[in-house]
Amino acid sequence: MIENNTYTLLDDKNGELAFKLYTFESLHHFDHVQRLPYYSLIWIQQGKGKTLVDTQEYEYQDHTLFACSPFQPFMFSPTEKTQGVVLHFHPNFFCIHKHHSEIACDGILFNNVYEHPFIEISNENAQQLNWLVEGMEKDVCTDKLATQDAILSYLKLILIQCSRIKQNTQEPVEERENLTHEKEIVARFKEAIEENYKEIHAPKDYAKLLHITPNALSKLVKASYGKTPSQVIAERIIIETKRELYLTNKTVEEIGYELGYEDPFYFSRFFKKHVQISPSAYRLRMGENKAAAR
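Residues numbered from 1 in each chain as written. Predicted model: local features only at pLDDT ≥ 70, side-chain atom pairs only at ≥ 80, totals over all residues. Heavy atoms only, no water.

Looking only at helices and strands, the chain features 10 helices and 10 strands. At 20 Å, the chain has a C-alpha radius of gyration in line with the 19 Å of a compact globule built from 294 residues. C-alpha extents for the chain along the principal axes are approximately 60 × 45 × 35 Å. Across the 294 residues in the chain, those meeting the buried criterion constitute 51%. The contacts of the chain with a sequence gap of at least 6 include a subset with a gap of at least 24, amounting to 69%. Taken as two groups, the 33 positive and 41 negative side-chain charges of the chain have centres that lie 4 Å from each other. (Helix = DSSP H or I, 4+ residues; strand = E, 2+ residues; numbered from the N terminus. Rg over C-alpha atoms; globule rule 2.2 N^0.38 Å. Buried < 20%, exposed > 50% of the residue type's maximum accessible area, 1.4 Å probe, protein only. Contact = heavy atoms within 4.5 Å. Lys, Arg positive; Asp, Glu negative; His and termini not counted. Charge placed at Lys NZ, Arg CZ, Asp CG, Glu CD.)

Another aspect to go through is the nonpolar core. Here is a general trend for soluble globular proteins: nonpolar side chains tend to be buried in one another's company. In this structure, F189, I193, Y206, L217, V232 and Y282 are the most contacted members of the largest nonpolar core, which totals 38 residues. Here this core gets 8 residues from one element, more than from any other, and that element is helix α7 (residues 229–247). Among residues more than four places away in sequence, those in contact with V232 are V113, Y114, F189, I193, V221, Y225 and K227. (Core = buried A, V, L, I, M, F, W, Y, C linked by side-chain atoms within 4.5 Å.)

Our next topic: the pairing of strand β9 (residues 83–89). The buried fraction of β9 amounts to 6 of the 7 residues, a majority that puts the element mostly inside the structure. Direction of pairing for strand β3 (residues 17–24) relative to β9: antiparallel, over a ladder of 6 bridges. Across the sheet, the residue bridging to Y22 is V86, located in β9. For strand β4 (residues 39–46) and β9, the ladder comprises 7 bridges, and the chain directions are antiparallel. (Pairing = 2+ DSSP bridges.)

Below, the discussion takes up helix α6 (residues 214–225). Look at α6: 16 Å from first C-alpha to last across 12 residues, which is about the 16 Å you get at 1.5 Å a residue. When we look at burial in α6, the residues that qualify are L217, L220, V221 and Y225. Buried residues in α6, looked at end-on, bunch into an arc of 105°, giving them a common side. Exposed positions of α6 whose direction lies more than 90 degrees from the buried face are K219 and A223. In this structure, the buried residues of α6 make contact with α4 (181–196), α5 (203–210) and α7. Count one or two residues on from α6 and you reach G226, which has phi positive near 70°. (Expected span 1.5 Å × (residues − 1). Arc of directions from axis to C-beta.)

Shown next as C-alpha cells:
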C-alpha cells in the first residue's frame, strides 16, 4: 500500500504491519514516548534536537540514525526542523536472530546495552543508504510477489551497512594491560554480566565479584554507560527474555526459571515494569510465527 510517501506491507496472515517505509518533514508523531511492536530505523537526514531512548537522552544532528528494538521506548524533541526516513519491520517479516550469522546486527545495531543506540553517517555512507532506500521505494510499487523478496534483499543490505558503520565507529578494544584501572573494572563488569546474568541479578553481588564497593561500581558504570548497574543488568535480562519469548515455545515460567527467577509472578512483574506489557502480551504481539520467520 502506498500513500503520501508511505510504503506499507501487511502480513497476509493477520493483516498487521510487516514493513513500513516513509519519509518525514516533522517528528511530531514521535513527540511522546513510543513503544512500537517492531524494529525501527529512524534516519535523521537533516535537523537538530534531542532523543530519549530508554532512560538516556542523546543529542542528534544531520545524518544520525537511531536503531530501536520492539517495545524499546523512545521519543524525539527537535530544536530545528527535522526531516528524514523511517523504516519499520516486524520480526515475522525479518528475524534478526535467525539471520545473525548472515547480517550480524543483533547485539550491535539492536539489543546492545553497552553502546549508544545510534550511528553517525558520513556523506559517502549517506549516498549508499539513499540508493538502497530509493531502491526499496521503487520495488514496493511493483508486483506484490516480487516485492517482498526485493524488499528483504534491500533490508538485509541496509542492516549490514548500518552494522558495519556502527562497528567501524566504535572505539577499538584496548588490550587489557593498556586499560586504565577504571576502564578495566567496567570491562570486567560487562564480562561478568555476560557470564552470570542468568544467576546474578544484584549490583552488590557483581561488586563483590569485582572486589570493589557497590558505590564505586555505580559511579564507574554511570560514567561509562550513562546508566546504573541495575539498569544495565535489567536490560540484558530483558533482551534475553524477549528472544526466548519470540524464538521458543517455552512457558513464561520456564523462561523465568532459566533466568534465575523462581517466582513466575515476580518475573512477570519485572518484565512488565521494563517493557510496559506482560510477557504473554509481548509474545502475542510479536506473533507465534517463529518457524516461518524469514
